[in-house]
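Analysis of the macromolecular model
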Amino acid sequence: MEKIRIKLSDIAHIRNFANIFAKYTSVELDLQQGRYIVDAKSPMGIYVLDLLKPVDFIIHSEDGDVIGSIMDDVKDWIVEA
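Overview of the structure. (Residues numbered from 1 in each chain as written. Predicted model: local features only at pLDDT ≥ 70, side-chain atom pairs only at ≥ 80, totals over all residues. Heavy atoms only, no water.)

**Here we look at the packing of aromatic side chains**
Per the stated rule, a full pass over the model turns up 5 aromatic pairs. Judged by centre distance (5.5 Å) and plane angle (75°), the rings of Phe17 and Phe57 are edge-to-face. Taken as a pair, Phe17 in helix α1 (residues 11-21) and Phe57 in strand β4 (residues 55-60) lie far apart in primary sequence, 40 residues in all. Among the aromatic residues, ring-to-ring pairing joins Phe17, Phe21, Tyr24, Phe57 and Trp77 into one connected group. (Phe/Tyr/Trp six-rings, centres within 6.5 Å; stacked < 30°, edge-to-face > 60°. Helix = DSSP H or I, 4+ residues; strand = E, 2+ residues; numbered from the N terminus.)

**Some points on the sheet that holds β4**
With respect to topology, 4 strands assemble into an open sheet ordered β1-β4-β2-β3, the strand pairing being antiparallel. Two strands in the sheet have a free side with no partner beyond their single neighbour: β1 (2-6) and β3 (36-39). With strand direction ignored, the average angle separating the axes of adjacent strands in the sheet is 30°. The pairing of β1 with β4 spans 5 bridges and is classified as antiparallel. The partner of Lys3 across the bridge, within β4, is Ile58. Running at roughly 155° to β4, helix α3 (residues 64-74) makes contact with β1, β2 (28-33) and β4 of the sheet. (Pairing = 2+ DSSP bridges. Axes fitted to C-alpha atoms, helices over the stretch in contact; angles between N-to-C directions. Contact = heavy atoms within 4.5 Å.)

**Details of α3**
Of the positions making up α3, those classed as buried are Ile67, Ile70 and Val74. The arc that holds the buried residues of α3, viewed along the axis, is 65°, so those residues lie on one side. Exposed and facing more than 90 degrees away from the buried side of α3 are Gly64 and Asp65. Structurally, α3 contributes buried residues whose contacts are with β1, α1, β2 and β4. Capping the start of α3, Asp63 holds a side-chain oxygen 2.9 Å from the backbone nitrogen of Asp65, two or three residues further along. (Buried < 20%, exposed > 50% of the residue type's maximum accessible area, 1.4 Å probe, protein only. Arc of directions from axis to C-beta. Polar contact = N/O pair within 3.5 Å; in protein donor to acceptor, adjacent residues only side chain to side chain.)

**With respect to the side chain of Ser61**
Its location among the elements puts Ser61 in the loop between β4 and α3. Residue Ser61 is classed as buried on the basis of its relative accessible area of 11%. Discounting residues that sit within four places of it in the chain, Ser61 has contacts with Met1, Val27, Val66 and Ile67.

**So, the packing of α1 against α3**
At their nearest, the axes of α1 and α3 sit 11 Å apart, and the two run at 160° to each other. Classified by the angle between their axes, α1 and α3 sit roughly antiparallel to one another. Along this stretch, α1 crosses α3, giving a crossing that reads as right-handed. Every residue of α3 that contacts α1 at Phe17, Ile20 and Phe21 is listed here: Ile70, Asp73 and Val74. (Parallel < 35°, antiparallel > 145°, perpendicular 65-115°, else oblique. Left-handed = near helix turned anticlockwise from the far one by under 90°.)

Right, here's the structure in full:
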């Protein structure tokens, strides 16, 4: 499992983010903010979060190649802790 802090700042980012990560069908990807956890591949789920604040992006995989590929795809949204 890998956890990264990200920021999605507008509707276009949310749509683009969900579309990019929808291709990872064999990996569970979540967004967590406080006690809320939503599917990172679901734009509707993402909208329930307070997107004025960063969220945690959680990759549920132990496969280094998959994690590396996902990290490359998420790099534009990563923020400092």
